Amino acid sequence: MLYLGVMSGTSLDGLDIALVEQGERTRLLAHHYQALPDDLRQQLLDLCSSGTDELARAALAEQAWARLVAEGINSLLREQNLQPEVIRAIGSHGQTVRHEPTRGFTIQIGNPALLAELTGITVVADFRRRDVAAGGQGAPLVPAFHEALFASPGSARAILNVGGFSNLSLLEQGKPAKGFDCGPGNVLMDAWIHHQLGKSYDKDGAWAASGTVQPELLKALLADPFFQTTGPKSTGRELFNLPWLMQQLATQPPYQPQDVQATLLEVTATSIVSSLLQAQPDCSQLLVCGGGAHNKALLERLQALLPASEVSRTDDHGVPADWVEAMAFAWLAHCCLNGIPANRPEVTGAKGLRVLGAIYPA
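Since this is a predicted model, take the numbers as computed values, not measurements.

Parameters at a glance
Residues numbered from 1 in each chain as written. Predicted model: local features only at pLDDT ≥ 70, side-chain atom pairs only at ≥ 80, totals over all residues. Heavy atoms only, no water. Helix = DSSP H or I, 4+ residues; strand = E, 2+ residues; numbered from the N terminus. Buried < 20%, exposed > 50% of the residue type's maximum accessible area, 1.4 Å probe, protein only. Contact = heavy atoms within 4.5 Å. UniProt positions renumbered as here; feature names shortened; annotations may be inferred. Polar contact = N/O pair within 3.5 Å; in protein donor to acceptor, adjacent residues only side chain to side chain. Axes fitted to C-alpha atoms, helices over the stretch in contact; angles between N-to-C directions. Parallel < 35°, antiparallel > 145°, perpendicular 65-115°, else oblique. Left-handed = near helix turned anticlockwise from the far one by under 90°. Nonpolar A, V, L, I, M, F, W, Y, C, P; charged D, E, K, R; others polar.

Asks: Any chance you could break down the environment of Ala 208 for me, citing the residues and the numbers?
Replies: Looking at the secondary structure, you find Ala 208 in helix 7 (residues 206-209). Overall, the relative accessible area of 5% leaves Ala 208 in the buried class. Considered as a pair, Ala 208 and Ala 297 are 89 residues apart in the sequence and their alpha carbons are 7.6 Å apart. Dropping the residues within four chain positions of it, Ala 208 is found in contact with Asp 202, Gln 258, Gln 261, Ala 262 and Leu 265.

Asks: Hey, could you go over the UniProt feature "binding site: ATP" (unreviewed entry) in the protein for me, with residue numbers and the actual values?
Replies: In this numbering, the UniProt entry assigns the feature "binding site: ATP" (unreviewed entry) to Gly 9, Thr 10, Ser 11, Leu 12, Asp 13, Gly 14, Leu 15 and Asp 16. Within the secondary structure, Gly 9 sits in the loop between strand 1 (2-8) and strand 2 (14-22). By secondary structure assignment, the location of Gly 14 is in strand 2. Setting aside its immediate chain neighbours within four residues, Gly 14 contacts Met 7, Ser 8, Tyr 33, Gln 34, Ala 35 and Leu 36.

Asks: Explain the side chain of Asn 295 to me, using residue names and the numbers behind them.
Replies: Positionally, Asn 295 belongs in the loop between strand 10 (285-289) and helix 11 (296-305). Looking at Asn 295, its side chain comes within polar contact range of the main-chain nitrogen of Ala 297, at 3.2 Å. Of the polar contacts made by the side chain of Asn 295, one reaches the backbone nitrogen of Leu 298; its length is 2.9 Å. The contacts of Asn 295, once residues within four sequence positions are left out, are Met 189, Asp 202, Asp 204, Gly 205 and Leu 265.

Asks: Lay out unusual backbone geometry with the relevant residues and their values.
Replies: That bond from Ala 139 to Pro 140 is cis: its omega, -10 degrees, falls within 30 degrees of zero. Turning to its location among the elements, Pro 140 is positioned in the loop between helix 4 (129-133) and helix 5 (143-150). One non-glycine residue, Asn 111, lies in positive phi territory at about 45 degrees. Within the fold, Asn 111 resides in the loop between strand 5 (105-109) and helix 3 (112-119). With a phi close to 60 degrees, Asp 204 is a non-glycine residue in the positive phi region. If you trace the backbone, Asp 204 turns up in the loop between helix 6 (187-197) and helix 7.

Asks: Could you give an account of the packing of helix 8 (residues 215-222) against helix 10 (residues 257-279), with specific residues and numbers?
Replies: How two helices sit against one another is set out by the angle between their axes and by the gap between those axes. Viewed as axis vectors pointing N to C, helix 8 and helix 10 meet at an angle of 45 degrees, and their least axial separation amounts to 10 Å. It follows from the interaxial angle that helix 8 and helix 10 lie oblique. For the element pair helix 8 and helix 10, the recorded crossing hand is right-handed. Residue-level contacts link Leu 217, Leu 218, Leu 221 and Leu 222 of helix 8 to Val 260, Thr 263, Leu 264, Glu 266, Val 267 and Thr 270 of helix 10. Split into classes, the residues belonging to the contact of helix 8 with helix 10 amount to seven nonpolar, two polar and one charged.

Here's what the structure looks like:
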């Protein structure tokens, strides 16, 4: 069966669309990237914090988002010479604009009804709220998929996704998959380099590598209570954002901008490694996916902090790092349509297994 998975993450850079074949395993057949226009990116970013006329602005933004997804899907189908009728469903994550499970809600906008109309394909969406309704964090949802894709007999493996935020999936033979958010992935590094240099991201981590980690700043940043908690836990832009960083910097002496960037990379690496060693001290392999897998300086730092483990990209294990999450939401759509529970209570803290997603027929 053929499915499409659509992922638009907290980095707000663009849409990842994956065409997969779902058999005994999930196999990537093709993919398409659709960049977010600057005005839509800003609209979505603005919705991550309170403002005037939010309901109307959210409704208009999700219409634009759905039209952009439909454009990307139709392009991918044309490239592959496929008709919509051969796709069983689209698994659409939507765009997260608020994630506050401690207050009982998580919000992903994306107008799946409009997406079904524009593509003529059944859409499965709204994957996170059922888990939150069952008392869970609603995130991360990918550990079950990581388990299906990457579990290896006899080894303690961890799968690390680094997008705007970082999350770990812990895989060990004979034990249920576990996982949790570690903290900021790219979100603070992206925000700082944009604030200072007008760039959207730090290519290869080169700017961070040119700076020096500042121990006092690092200590202050890692003092946030989130880093002291253990899973189940998840986080988002509600906590870690540019205003949060500026507030922390205001309590410190002035630093060179590149030293701040180096320290932010260290926050990402340290929060990942400390979480991993606490939860899976015998980890032998760390497989990295997401946009952060391209950050050479980050991967080198992770390897230095984990000398007893092999750090590699998921590409080295047959799955391109850029497309793992989009593939996951294609798989989640498959699970929903077949009545297969796809959350993991050990990961999210939900009261039990749940079938995730809402179905919008073509």
